[in-house]
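# Report on the structure
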Amino acid sequence: MAESSAVTATASPPRPDPPDAAVAPKPRHRARVGAIGSIPVGAALVMVPVGPWLERVLGLAAIGAWRTLLLAIVVQGVPFLLLGTVVSAAIGAFVPARAFSKILPRNPVLAVPVAGAAGVVLPGCECASVPVAGSLMRRGVAPAAALTFLLAAPAVNPVVLVSTAIAFPGSPEMVAARFGASLVTAVAMGWLWIRLGREEWLKLPTGHAEAAPGSSRLAAFRRGLQHDFLHAGGFLVVGAMAAATFNILVPPSVLEVFSDSPWLGVLVAAVLAVLLSVCSEADAFVAASFTGFSPTARLAFMVVGPMVDMKLIALQSGAFGRAFAVRFCAATFVVAVLCCVLVGGVLL
């Protein structure tokens, strides 16, 4: 009996699992995401040698035109996608989330435009902006400021603006219009949340590990880069495929119907941005390929896409709750379209 008591007294009590361990990303999940993202990327690579063979066998010149458009969009967009994911992974691995709360004013009304401006100097793709916004909220940042950063970071950062300038050569007004409409939309949505948002709509995200326990920051950077590039690259290829298909199948006469109605063209382009879900670092090249649309409609495609698309709706639903995602995405869509019409009417 004494020996049993001694063993009990000297045995170290079981250590509780660290809070991040329960939600740390599982290798199997990361592998599955990477495999899913690799499928469309692999499909695009296969089309390089297979496309000419299919064109000869089927006797369809449209296949060659579709392949050329697909590869042109992907080749132009990949360098900017890679640069954007490198910066995004570096921010997630090396910049502590508390650094954001130190530079933001405590007054939410003042914090909103500061958070919007922070998107210019702290770039990231829209896939990364959702977890960053959740991390800001967990550190005590006002939800309105965190949501403003969520919308601004993938839309007004230097990588996106440079890619837009290259996709629209000789059109600096398009770059200025994209920057202005995106920033105004992000700030307006932050102030709108302060005025009309309700706490019960927003399910604050629980803590999660940005890096696996015991791993180095370099390893976290490598994992984040691999995950973001394959994930966003897959969406880029899917968007490029859809854009190439759209340009081949839709005759110019149909686009002329949209061109005759400015509002209809803007709405159609905005809906396409939601459905195609192209990464913000590469969506300018897809928008440039929509030559049948008006400049304001192509502006709407580039402004709406980084703020409201299918993958963002899913990410926001998982992070903040479905009730929030439905209301916030619907309101963002309307505000973004209105801002595009106003800014496009002035600058374009």
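Residues numbered from 1 in each chain as written. Predicted model: local features only at pLDDT ≥ 70, side-chain atom pairs only at ≥ 80, totals over all residues. Heavy atoms only, no water.

For the protein chain, mean pLDDT is 75; residues scoring 70 or higher make up 68% of the total. Between the elements of the protein chain, mean pLDDT differs from a low of 44, seen in helix H1 (residues 2-10), to a high of 95, seen in helix H9 (residues 172-196). A low-confidence stretch, residues 1-37 (pLDDT under 50), is modelled with 16 contacts involving residues beyond four sequence positions or located in other chains. Taken as a whole, residues 207-211 scores under 50 in pLDDT and shows 16 contacts with residues more than four places along the chain or in a different chain. (pLDDT = per-residue confidence, 0-100. Helix = DSSP H or I, 4+ residues; strand = E, 2+ residues; numbered from the N terminus. Contact = heavy atoms within 4.5 Å.)

Time to look at the side chain of Thr 185. For Thr 185, the position within the fold is in helix H9. Excluding residues that lie within four positions of it along the chain, Thr 185 makes contacts with Val 303, Met 307, Thr 332, Val 335, Ala 336 and Cys 339.

This part takes up the environment of Phe 293. Mapped onto the fold, Phe 293 is located in the loop between helix H13 (283-289) and helix H14 (295-304). For the pair Phe 293 and Pro 262, spaced 31 residues apart in sequence, the C-alpha separation works out to 9.1 Å.

If you walk through the whole model with that rule in mind, you get one salt bridge. Across the pair Asp 283 and Arg 178 runs a salt bridge whose closest N-O atoms are separated by 3.0 Å. Of the two residues, Asp 283 is situated in helix H13 and Arg 178 in helix H9; the sequence distance between them amounts to 105 residues. (Salt bridge = Lys/Arg side-chain N within 4 Å of Asp/Glu carboxyl O.)

We now examine the nonpolar core. A general tendency of soluble globular proteins is for nonpolar side chains to be buried together. Counting residues in hydrophobic clusters, the biggest one holds 75 residues, and the most contacted among them are Val 286, Phe 290, Phe 301, Val 304 and Phe 320. In terms of residues, this core owes the most to one element, helix H7 (residues 143-156), which gives eleven residues. Once residues lying within four places of it in the same chain are set aside, the contact partners of Phe 301 are Ala 269, Leu 272, Ala 273, Leu 276, Asp 283, Val 286, Ala 287 and Phe 290. (Core = buried A, V, L, I, M, F, W, Y, C linked by side-chain atoms within 4.5 Å. Buried < 20%, exposed > 50% of the residue type's maximum accessible area, 1.4 Å probe, protein only.)

Take the packing of helix H12 (residues 262-276) against helix H16 (residues 322-347) next. Remark: H12 packs on H16, axes separated minimally by 11 Å, with the N-to-C direction vectors making an angle of 135°. Between H12 and H16, the interaxial angle falls into the category oblique. The crossing of H12 and H16 is right-handed. Residues Trp 263, Val 266, Leu 267, Ala 270, Val 271 and Val 274 of H12 touch H16, and the partners they reach there are Phe 333, Val 337, Leu 338 and Val 341. Residues of the contact of H12 with H16, tallied by class, amount to ten nonpolar, no polar and no charged. (Axes fitted to C-alpha atoms, helices over the stretch in contact; angles between N-to-C directions. Parallel < 35°, antiparallel > 145°, perpendicular 65-115°, else oblique. Left-handed = near helix turned anticlockwise from the far one by under 90°. Nonpolar A, V, L, I, M, F, W, Y, C, P; charged D, E, K, R; others polar.)

So, on to the environment of Ala 219. Among the secondary structure elements, Ala 219 is positioned in helix H10 (residues 217-249). Distance in space between the C-alpha atoms of Ala 219 and Ala 93 is 8.6 Å, their sequence separation being 126 residues.

Now for the state of the cysteines. Taken as a whole, this structure holds zero disulfides when the rule is applied. Unpaired in this structure, Cys 340 has its nearest cysteine sulfur neighbour in Cys 339, at a distance of 7.1 Å. For Cys 340, a relative accessible area of 0% puts it in the buried group. (Disulfide = S-S within 2.5 Å.)

With the rule as written, the count across this model stands at six aromatic pairs. On the basis of an interplanar angle of 75° and a centroid distance of 5.4 Å, the ring pair of Phe 320 and Phe 324 is categorised as edge-to-face. With respect to burial, Phe 320 and Phe 324 carry one shared label: buried. By way of ring pairs, the aromatic residues Trp 193, Trp 201, Phe 320, Phe 324 and Phe 328 are connected into one cluster. (Phe/Tyr/Trp six-rings, centres within 6.5 Å; stacked < 30°, edge-to-face > 60°.)

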